[in-house]
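# Coordinates in review
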Amino acid sequence: MTPETRTRVLDALRRQHIELPSWAFGNSGTRFKVFPQEGVPRTPQEKIADAATVHRFTGVAPSVALHIPWDKVDDYAALSAYAASEGVQLGAINSNVFQDNDYKLGSVTNPDAGVRRKATDHLLECVSIMDATGSRDLKLWFSDGTNYPGQDSIRGRQDRLAAALSEVYDRLGDEQRMLLEYKLFEPAFYTTDVPDWGTAYAHCLRLGGKAQVVIDTGHHAPGTNIEFIVAFLLREGKLGAFDFNSRFYADDDLMVGAADPFQLFRIMFEIVSAGALDPDYGIAFMLDQCHNIEAKIPAVIRSVMNVQEATAKALLVDVEALADAQAAGEVLDANAVLMDAYNTDVRPLLRDLREDMGLDPEPLKAYARSGYAEKVKADRVGGEQAGWGA
Ligand code: LRH
Ligand code: MN
Ligand code: MN
């Protein structure tokens with residue numbers, strides 16, 4: 001690696017920004033069992049304190065996303081000030097229109113106008129929360145869909161969805177954005193109202209420039225080429241955010257980069273090669289994960305490190321050699337350029353980066369030595385579930 005390359009890569013990595021989800025720190029599980037852990041947060045403030053701890057050891061996770069009402073408080077401006085006092089910012093506000101009995105047949109696409117009103121009002125309330133927290137992004141994911149052919153009008157539901165989105169869009173401030181997340185299936189099993197990037201993209205396109213698509217890496221059919229979706233949406237200026245996690249089967253919500261680090265590298269290469277890594281470009285790189293059996297803070301630290309490793313490898317791709325091989329139609333050479341970068345051990349580089357940033361080069365070991373886990377286990381009794389079973 002030339003000194004110039006090294007400087008370029010380290011500069012980009014120093015500026016990287018990975019947003020943490022508050023819900024990663026609470027107890028979570030599957031519909032079969034939640035295994036509670038000791039020392040998990042009891043309040044939104046304690047979730048923020050845990051996120052801030054991850055930032056203290058990694059240096060690249062300076063914001064935390066909230067999920068409403070899981071993180072409901074009376075005073076959001078005060079919560080924002082608390083986050084700042086812990087050294088982090090509040091990030092995206094995630095709405096939740098999937099955990100109320102009224103939403104059995106859908107939220108904003110429900111056939112009942114009263115239920116639609118209630119769901120849309122929640123989304124509007126989330127924008128008011130953004131006003132108080134200073135958050136830029138409203139993240140929307142709808143569990144809406146149907147289980148049986150004939151259950152409801154597929155087209156009618158799209159109309160209802162469009163109407164709700166447009167009402168919320170009109171409420172956004174100049175600096176605020178709406179991020180629409182898609183998911184192939186679950187909890188609806190026959191039709192899902194926002195099942196794929198194309199549907200999300202079409203709605204966002206109609207809405208306007210403040211509406212962008214979220215790619216949750218766990219929300220696709222097996223075998224889907226996610227980096228293609230990344231490249232396409234980037235080209236259209238419609239990629240707003242990621243929910244990073246990894247999966248073997250469906251929406252597993254495992255640690256990003258755990259199941260398929262090569263896929264994460266391919267995604268990050270599309271980002272890097274489009275010049276979209278820098279925070280100023282506007283893409284929110286968030287984690288959306290649950291740690292059901294592993295210790296939560298170390299799992300989030302590991303996830304941040306996995307994203308950093310994939311990014312470092314993507315930054316190491318020799319783009320000139322790649323362009324030459326592509327232009328010459330040298331398929332094997334072009335592929336080799338990518339593989340050389342992927343097969344580079346970037347861990348020494350990342351250790352140097354952390355030392356440059358005044359951090360311990362080994363975040364997991366430093367966290368283990370810090371005594372934080374023992375302290376919160378002693379201080380916190382009766383931690384709460386992340387939200388799924390709450
Ligand atoms: C849905 C989802 C969405 C929710 C989160 C908790 O599966 O990915 O982002 O807000 O999980
Ligand atoms: Mn998600
Ligand atoms: Mn999900």
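Residues numbered from 1 in each chain as written. Chains lettered and ligands numbered in written order. Predicted model: local features only at pLDDT ≥ 70, side-chain atom pairs only at ≥ 80, totals over all residues.

Going by an unreviewed UniProt entry, the protein chain carries the name L-rhamnose isomerase and comes from Virgisporangium aurantiacum.

## What to know about the overall build of the protein chain
So the rule is basically this: We count a stretch as a helix when DSSP gives it H or I for four or more residues in a row; a strand needs E for two or more, and each element gets its number in order from the N terminus. Both definitions apply: the radius of gyration is a C-alpha atom measure, and the globule rule equals 2.2 Å times residues to the power 0.38. Field definition: a residue is buried when 20 or more other C-beta atoms are found within 10 Å of its C-beta, exposed when 12 or fewer are, and partly exposed for counts in between, with C-beta atoms placed from the backbone.
For the protein chain, the helix and strand inventory stands at 14 helices and 10 strands. Scaling as 2.2 N^0.38, a compact globule of 390 residues should have a C-alpha radius of gyration of about 21 Å, and the protein chain matches this with 21 Å. In terms of its C-alpha atoms, the protein chain occupies a principal-axis envelope of roughly 65 × 60 × 40 Å. Classification of the 390 residues of the protein chain by burial places 46% in the buried group.

## Let's talk about the site of ligand 1
Selection rule: We count a residue as near a molecule or strand when its backbone-placed C-beta atom lies within 6 Å of that partner. In the scheme used here, Gly and all other residues not listed as nonpolar or charged are polar, with Ala, Val, Leu, Ile, Met, Phe, Trp, Tyr, Cys and Pro taken as nonpolar and Asp, Glu, Lys and Arg as charged.
Taken together, the neighbourhood of ligand 1 is formed by Asn 94, Trp 141, Glu 181, Lys 183, Asp 216, Asp 243, Asp 251 and Asp 288. The residue inventory of the shell around ligand 1, partitioned by class, reads one nonpolar, one polar and six charged.

## Digging into the packing of helix α7 (residues 226-235) against helix α8 (residues 261-273)
Pairs of packed helices are described in terms of their axes, by the angle between the two and the distance that separates them. Where we set the bar: For helices, the axis comes from a line fit to the C-alpha atoms of the stretch in contact; other axes are also lines fit to C-alpha atoms, and the angle between any two N-to-C directions lies between 0 and 180 degrees. Here the word oblique covers every angle except those under 35 degrees (roughly parallel), over 145 (roughly antiparallel) and from 65 to 115 (roughly perpendicular). The crossing is said to be left-handed when, going from far helix to near helix, the turn is anticlockwise and less than a right angle, and right-handed when the turn is clockwise. Note on contacts: residues are paired as contacts if their backbone-placed C-beta atoms lie within 7 Å.
Contact pair α7 / α8: the axes reach a minimum separation of 9 Å and the direction vectors enclose 15°. Relative to α8, α7 is oriented roughly parallel. Here α7 and α8 pass one another in a crossing that is right-handed. When α7 is examined against α8, the residues Ile 226, Glu 227, Val 230, Ala 231 and Leu 234 are found in contact with a partner set consisting of Gln 263, Arg 266, Ile 267, Glu 270 and Ile 271. Tallied by class, residues from the contact of α7 with α8 come to six nonpolar, one polar and three charged.

## Notes on the environment of Asp 278
Within the fold, Asp 278 resides in the loop between α8 and β10 (284-287). Classification of Asp 278 as partly exposed rests on a count of 15 C-beta atoms within 10 Å. Along the sequence, Asp 278 and Lys 377 sit 99 residues apart, while their C-alpha atoms lie 37 Å from each other.

## A few points about helix α6 (residues 197-207)
Side chains three or four residues apart in an α-helix point the same way, a direct result of the helix having 3.6 residues per turn. Definition in use: Along the arc lie the directions from the helix axis toward the C-beta atoms.
Every buried residue of α6 is accounted for by Trp 197, Ala 200, Tyr 201, His 203 and Cys 204. The buried residues of α6 occupy an angular sector of 165° when the element is viewed end-on, so they sit on one face. Packed against the buried residues of α6 are α5 (154-171), β6 (177-181), β8 (211-216) and α7. Just downstream of α6, Gly 208 is the residue with a positive phi angle, here 130°.

## Remarks on the pairing of β8
Rules: DSSP-based pairing: two strands are paired if at least 2 bridges between them are found. Whether a crossover is right-handed comes down to one check: with the strands pointing away from the viewer, does the path from the first strand over the helix to the second run clockwise; if it does, it is right-handed.
Here β8 lies mainly inside the structure; six of its six residues are buried. Across four bridges, β6 lies against β8 in parallel orientation. Bridge assignment links Leu 180 to a residue of β8, and that residue is Val 213. As defined by bridge partners, β8 adjoins strand β9 (residues 239-244) across four bridges and the pair is classed as parallel. Within β9, the position partnered with Val 214 by the bridge is Ala 241. At this point the chain moves from β8, through α7, to the parallel β9, and the crossover so formed is right-handed.

## A closer look at the nonpolar core
Applicable threshold: Each nonpolar core reported here comprises buried Ala, Val, Leu, Ile, Met, Phe, Trp, Tyr and Cys residues connected via C-beta atoms within 7 Å.
Counting residues in each nonpolar core, the largest one holds 104 residues, and the members touching the most others are Leu 180 and Val 213. Residue contributions to this core peak at 11 residues, all from helix α9 (residues 296-315).

## Focus on the sheet that holds β6
Strand order in this closed barrel of eight strands is β1-β2-β3-β4-β6-β8-β9-β10, and the pairing throughout is parallel. Each strand of the sheet is rotated relative to its neighbour by a mean of 30°, with strand direction disregarded. Pairing geometry for strand β3 (residues 89-94) and strand β4 (residues 137-141), over two bridges, is parallel. Residue pairing for β4: Ile 93 is matched across the bridge by Leu 138.

## A look at the confidence of the model for the protein chain
This is how the line gets drawn: Residue-level confidence of the predictor is summarised by pLDDT, bounded by 0 at the bottom and 100 at the top.
Scored by pLDDT, the protein chain has a mean of 97; 99% of the residues are at 70 or more. Model confidence for the complex is summarised by a pTM of 0.98, with the ipTM given as 0.99.

## Regarding the packing of helix α3 (residues 76-85) against helix α4 (residues 113-133)
The N-to-C vectors of α3 and α4 enclose an angle of 45°; their axes lie 7 Å apart at closest approach. Considering the angle they form, α3 stands oblique to α4. Of the two elements, α3 crosses α4, and the hand of that crossing is right-handed. Two secondary-structure elements touch here, α3 through Tyr 76, Ala 77, Leu 79 and Ser 80 and α4 through Ile 129, Ala 132 and Thr 133.

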